[in-house]
Amino acid sequence: MTRETHLVLGATGRTGRRIAARLRLHGTPVRAASRSSRLWSDRSEPDGWDTVLRDVDVAYVVPPPVPGPVHEFVVRAGAAGVRRLVLLSGRGADGWGGSAFGRHMWSAEEAVRGSSLGWTVLRASNFAISRASGRSLTYRRITRDEHVSSLTGQGLSRHDADGIAAMFALMESGLISGTTDELASVPGRAPRTFEEYVVRAAAAGVWNER
Ligand SMILES: NC(=O)c1ccc[n+]([C@@H]2O[C@H](COP(=O)([O-])OP(=O)(O)OC[C@H]3O[C@@H](n4cnc5c(N)ncnc54)[C@H](OP(=O)(O)O)[C@@H]3O)[C@@H](O)[C@H]2O)c1
(Lines give C-alpha, C1' and ligand atoms only; values in the text may rest on other atoms or scores of the structure.)
Protein backbone atom coordinates (compact mmCIF):
# COMPACT_ATOMS: atom_id res chain seq x y z
CA MET A 1 0.00 0.00 0.00
CA THR A 2 1.33 3.47 -0.87
CA ARG A 3 1.82 5.62 2.18
CA GLU A 4 0.97 9.21 1.38
CA THR A 5 2.65 12.17 3.02
CA HIS A 6 0.89 13.77 5.96
CA LEU A 7 1.76 17.37 6.74
CA VAL A 8 1.58 18.20 10.45
CA LEU A 9 1.44 21.91 11.26
CA GLY A 10 2.35 22.91 14.80
CA ALA A 11 4.42 19.73 14.85
CA THR A 12 6.30 20.70 18.01
CA GLY A 13 3.13 21.60 19.91
CA ARG A 14 0.94 19.66 22.34
CA THR A 15 -1.17 17.90 19.73
CA GLY A 16 1.04 18.09 16.64
CA ARG A 17 4.01 16.31 18.17
CA ARG A 18 1.84 13.43 19.34
CA ILE A 19 0.09 13.13 15.99
CA ALA A 20 3.40 13.17 14.13
CA ALA A 21 4.80 10.48 16.44
CA ARG A 22 1.73 8.28 16.04
CA LEU A 23 1.76 8.59 12.25
CA ARG A 24 5.45 7.67 12.14
CA LEU A 25 4.72 4.66 14.31
CA HIS A 26 2.28 3.53 11.62
CA GLY A 27 4.89 4.02 8.91
CA THR A 28 3.16 7.05 7.40
CA PRO A 29 5.52 9.62 5.86
CA VAL A 30 5.30 12.78 7.98
CA ARG A 31 6.27 16.30 7.08
CA ALA A 32 6.56 18.09 10.42
CA ALA A 33 6.39 21.86 10.12
CA SER A 34 6.74 24.75 12.53
CA ARG A 35 9.25 27.52 13.11
CA SER A 36 11.53 25.25 15.14
CA SER A 37 11.05 22.08 13.08
CA ARG A 38 13.67 20.88 10.64
CA LEU A 39 11.23 22.00 7.96
CA TRP A 40 10.92 25.67 8.87
CA SER A 41 7.49 27.15 8.35
CA ASP A 42 6.02 30.38 9.67
CA ARG A 43 2.28 30.68 9.22
CA SER A 44 2.54 34.46 9.06
CA GLU A 45 4.40 34.07 5.76
CA PRO A 46 1.96 32.43 3.32
CA ASP A 47 4.44 32.43 0.44
CA GLY A 48 6.33 29.67 2.20
CA TRP A 49 3.28 27.41 2.44
CA ASP A 50 3.50 26.19 -1.16
CA THR A 51 6.84 24.51 -0.45
CA VAL A 52 5.49 22.90 2.70
CA LEU A 53 2.38 21.68 0.84
CA ARG A 54 4.14 20.09 -2.12
CA ASP A 55 3.16 16.39 -2.60
CA VAL A 56 1.12 16.36 0.59
CA ASP A 57 -1.96 14.13 0.76
CA VAL A 58 -3.38 15.03 4.18
CA ALA A 59 -2.72 18.11 6.33
CA TYR A 60 -3.27 18.38 10.09
CA VAL A 61 -3.98 22.01 10.93
CA VAL A 62 -3.80 23.65 14.35
CA PRO A 63 -5.59 26.98 14.17
CA PRO A 64 -3.36 30.04 14.53
CA PRO A 65 -4.38 32.36 17.39
CA VAL A 66 -6.06 34.95 15.16
CA PRO A 67 -9.03 34.49 12.81
CA GLY A 68 -8.28 34.50 9.09
CA PRO A 69 -5.09 32.80 7.86
CA VAL A 70 -6.56 29.32 7.44
CA HIS A 71 -8.71 30.58 4.54
CA GLU A 72 -5.65 31.23 2.41
CA PHE A 73 -3.96 28.08 3.63
CA VAL A 74 -6.96 26.06 2.42
CA VAL A 75 -6.86 27.68 -1.03
CA ARG A 76 -3.15 26.89 -1.36
CA ALA A 77 -3.68 23.36 -0.07
CA GLY A 78 -6.34 22.78 -2.76
CA ALA A 79 -4.04 24.15 -5.47
CA ALA A 80 -1.23 21.88 -4.24
CA GLY A 81 -3.44 18.78 -4.56
CA VAL A 82 -4.02 18.07 -0.87
CA ARG A 83 -6.86 15.54 -0.52
CA ARG A 84 -7.96 15.98 3.09
CA LEU A 85 -7.65 18.53 5.89
CA VAL A 86 -7.88 17.61 9.56
CA LEU A 87 -8.52 20.64 11.76
CA LEU A 88 -8.22 20.89 15.53
CA SER A 89 -11.14 22.91 16.88
CA GLY A 90 -12.92 23.05 20.22
CA ARG A 91 -15.94 21.37 21.70
CA GLY A 92 -19.22 23.26 21.34
CA ALA A 93 -17.78 25.54 18.63
CA ASP A 94 -21.14 26.22 17.02
CA GLY A 95 -22.54 27.47 20.35
CA TRP A 96 -19.85 30.03 21.14
CA GLY A 97 -21.87 32.85 19.56
CA GLY A 98 -20.32 36.28 20.01
CA SER A 99 -17.93 35.16 22.79
CA ALA A 100 -14.36 36.37 22.50
CA PHE A 101 -13.29 32.77 23.05
CA GLY A 102 -12.48 30.65 20.03
CA ARG A 103 -12.97 33.13 17.18
CA HIS A 104 -9.76 31.83 15.65
CA MET A 105 -11.05 28.25 15.77
CA TRP A 106 -14.44 29.15 14.36
CA SER A 107 -12.80 31.06 11.50
CA ALA A 108 -10.59 28.05 10.77
CA GLU A 109 -13.66 25.77 10.80
CA GLU A 110 -15.40 28.02 8.26
CA ALA A 111 -12.36 27.87 6.00
CA VAL A 112 -12.07 24.09 6.18
CA ARG A 113 -15.80 23.36 5.90
CA GLY A 114 -16.13 25.76 2.98
CA SER A 115 -13.40 24.05 0.98
CA SER A 116 -13.94 21.47 -1.74
CA LEU A 117 -11.38 19.15 -0.09
CA GLY A 118 -12.24 16.30 2.21
CA TRP A 119 -12.14 17.42 5.81
CA THR A 120 -12.38 16.27 9.39
CA VAL A 121 -12.92 18.72 12.24
CA LEU A 122 -11.85 17.52 15.67
CA ARG A 123 -13.68 19.34 18.43
CA ALA A 124 -11.49 18.61 21.40
CA SER A 125 -12.55 19.39 24.92
CA ASN A 126 -10.72 20.22 28.12
CA PHE A 127 -10.72 17.94 31.10
CA ALA A 128 -9.97 18.18 34.78
CA ILE A 129 -7.40 16.49 36.96
CA SER A 130 -8.18 15.34 40.46
CA ARG A 131 -8.09 11.94 42.11
CA ALA A 132 -4.93 9.83 42.18
CA SER A 133 -2.71 12.79 41.35
CA GLY A 134 -1.55 12.49 44.95
CA ARG A 135 -2.30 16.15 45.49
CA SER A 136 -5.16 17.66 47.37
CA LEU A 137 -7.36 19.75 45.07
CA THR A 138 -10.21 21.86 46.40
CA TYR A 139 -12.86 23.97 44.74
CA ARG A 140 -13.00 27.67 45.49
CA ARG A 141 -15.25 29.95 43.50
CA ILE A 142 -13.56 33.09 42.23
CA THR A 143 -14.79 36.01 40.13
CA ARG A 144 -13.79 36.53 36.52
CA ASP A 145 -11.57 39.47 37.52
CA GLU A 146 -9.81 37.39 40.19
CA HIS A 147 -9.27 34.66 37.61
CA VAL A 148 -7.80 37.08 35.06
CA SER A 149 -5.48 38.73 37.58
CA SER A 150 -4.35 35.31 38.84
CA LEU A 151 -3.47 34.33 35.26
CA THR A 152 -1.67 37.59 34.46
CA GLY A 153 0.13 37.23 37.82
CA GLN A 154 1.48 33.90 36.50
CA GLY A 155 2.88 35.63 33.44
CA LEU A 156 0.07 35.32 30.87
CA SER A 157 -0.65 38.29 28.66
CA ARG A 158 -3.91 40.13 29.32
CA HIS A 159 -5.15 38.98 25.90
CA ASP A 160 -4.55 35.29 26.68
CA ALA A 161 -5.98 35.64 30.19
CA ASP A 162 -9.17 37.22 28.79
CA GLY A 163 -9.45 34.38 26.26
CA ILE A 164 -9.19 31.72 28.97
CA ALA A 165 -11.71 33.54 31.17
CA ALA A 166 -14.11 33.71 28.21
CA MET A 167 -13.69 29.95 27.70
CA PHE A 168 -14.59 29.23 31.33
CA ALA A 169 -17.58 31.57 31.08
CA LEU A 170 -18.84 29.44 28.19
CA MET A 171 -18.26 26.27 30.20
CA GLU A 172 -20.13 27.75 33.15
CA SER A 173 -23.08 28.45 30.86
CA GLY A 174 -23.40 24.67 30.46
CA LEU A 175 -22.50 24.70 26.78
CA ILE A 176 -20.27 21.62 26.92
CA SER A 177 -21.66 19.90 29.99
CA GLY A 178 -23.31 17.02 28.09
CA THR A 179 -21.54 13.75 27.38
CA THR A 180 -20.96 12.11 24.01
CA ASP A 181 -20.04 8.60 22.83
CA GLU A 182 -17.54 9.82 20.25
CA LEU A 183 -14.47 8.41 22.01
CA ALA A 184 -15.97 4.98 21.49
CA SER A 185 -17.71 5.45 18.14
CA VAL A 186 -14.97 7.26 16.17
CA PRO A 187 -12.01 4.90 16.80
CA GLY A 188 -14.37 1.94 17.31
CA ARG A 189 -12.99 0.81 20.67
CA ALA A 190 -13.91 1.53 24.25
CA PRO A 191 -12.09 4.51 25.76
CA ARG A 192 -10.20 4.31 29.04
CA THR A 193 -12.19 5.52 32.01
CA PHE A 194 -11.15 8.81 33.52
CA GLU A 195 -9.95 6.95 36.63
CA GLU A 196 -7.71 4.69 34.49
CA TYR A 197 -6.29 7.70 32.72
CA VAL A 198 -5.53 9.53 35.97
CA VAL A 199 -3.90 6.49 37.57
CA ARG A 200 -1.65 5.95 34.53
CA ALA A 201 -0.76 9.63 34.25
CA ALA A 202 -0.01 9.92 37.97
CA ALA A 203 2.15 6.77 37.84
CA ALA A 204 4.09 8.33 34.96
CA GLY A 205 4.88 11.31 37.20
CA VAL A 206 2.98 13.85 35.11
CA TRP A 207 1.89 15.81 38.17
CA ASN A 208 5.04 15.46 40.25
CA GLU A 209 6.41 18.70 41.64
CA ARG A 210 9.35 19.82 39.52
N1 LIG B 1 -4.34 21.65 22.98
C2 LIG B 1 -5.66 21.53 23.09
O3 LIG B 1 -6.20 20.79 23.92
C4 LIG B 1 -6.57 22.27 22.13
C5 LIG B 1 -7.92 21.93 22.09
C6 LIG B 1 -8.74 22.58 21.19
C7 LIG B 1 -8.22 23.56 20.36
N8 LIG B 1 -6.90 23.93 20.45
C9 LIG B 1 -6.39 24.99 19.56
O10 LIG B 1 -5.25 24.48 18.88
C11 LIG B 1 -4.27 25.50 18.73
C12 LIG B 1 -2.98 25.09 19.42
O13 LIG B 1 -2.68 23.73 19.15
P14 LIG B 1 -1.73 22.90 20.11
O15 LIG B 1 -2.22 23.02 21.52
O16 LIG B 1 -1.56 21.55 19.52
O17 LIG B 1 -0.34 23.68 19.90
P18 LIG B 1 0.58 24.42 20.97
O19 LIG B 1 1.07 23.46 22.00
O20 LIG B 1 -0.10 25.69 21.40
O21 LIG B 1 1.82 24.77 20.05
C22 LIG B 1 1.72 25.65 18.95
C23 LIG B 1 2.43 25.03 17.74
O24 LIG B 1 2.36 25.97 16.65
C25 LIG B 1 3.70 26.32 16.25
N26 LIG B 1 3.70 27.74 15.92
C27 LIG B 1 3.56 28.78 16.78
N28 LIG B 1 3.64 29.93 16.09
C29 LIG B 1 3.84 29.59 14.78
C30 LIG B 1 4.03 30.32 13.59
N31 LIG B 1 4.04 31.67 13.56
N32 LIG B 1 4.20 29.65 12.42
C33 LIG B 1 4.22 28.30 12.40
N34 LIG B 1 4.06 27.54 13.51
C35 LIG B 1 3.88 28.19 14.68
C36 LIG B 1 4.58 25.99 17.44
O37 LIG B 1 5.90 25.63 17.04
P38 LIG B 1 7.08 26.69 16.80
O39 LIG B 1 7.14 27.55 18.03
O40 LIG B 1 8.26 25.80 16.58
O41 LIG B 1 6.70 27.46 15.58
C42 LIG B 1 3.90 24.75 18.00
O43 LIG B 1 4.30 23.61 17.27
C44 LIG B 1 -4.86 26.76 19.36
O45 LIG B 1 -5.49 27.51 18.33
C46 LIG B 1 -5.90 26.22 20.31
O47 LIG B 1 -6.95 27.17 20.53
C48 LIG B 1 -6.05 23.28 21.29
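Described below are features of the structure shown in this document. This is a predicted model, so every value here is computed, not measured.

**Re the sheet that holds strand S5 (residues 84-90)**
Two orientations exist for strands paired in a sheet by backbone hydrogen bonds: parallel and antiparallel.
Part 1: Sheet architecture is open: six strands sit in the order S3-S2-S1-S4-S5-S6, paired in parallel fashion. What marks the edges here is a single partner per strand, and that holds for strand S3 (39-40) and strand S6 (118-124).
Part 2: For strand S1 (residues 6-9) and strand S2 (residues 30-34), the ladder comprises four bridges, and the chain directions are parallel. Across the sheet, Val 8 pairs through a bridge with Ala 32, a residue of S2.
Part 3: Contacting strand S4 (58-61), S5 and S6, helix H4 (residues 103-113) crosses the sheet at an angle of about 155° to S5.

**A closer look at the environment of Gly 13**
Part 1: Positionally, Gly 13 belongs in the loop between S1 and helix H1 (16-25).
Part 2: Placed 21 residues apart in sequence, Gly 13 and Ser 34 show a C-alpha to C-alpha distance of 8.8 Å.

**With respect to the pairing of S5**
Part 1: With respect to burial, S5 is a largely interior element, five of its seven residues being buried.
Part 2: Across four bridges, the pairing between S4 and S5 is parallel. Looking across to S5, one finds that Tyr 60 is bridged to Val 86.
Part 3: Here seven bridges tie S5 to S6, and the two strands are oriented parallel to one another. Counted as the bridge partner of Gly 90 is Ala 124 from S6.

What counts, and at which threshold
- Residues numbered from 1 in each chain as written.
- Predicted model: local features only at pLDDT ≥ 70, side-chain atom pairs only at ≥ 80, totals over all residues.
- Pairing = 2+ DSSP bridges.
- Helix = DSSP H or I, 4+ residues; strand = E, 2+ residues; numbered from the N terminus.
- Contact = placed C-beta atoms within 7 Å.
- Axes fitted to C-alpha atoms, helices over the stretch in contact; angles between N-to-C directions.
- Buried ≥ 20, exposed ≤ 12 C-beta atoms within 10 Å, placed from the backbone.

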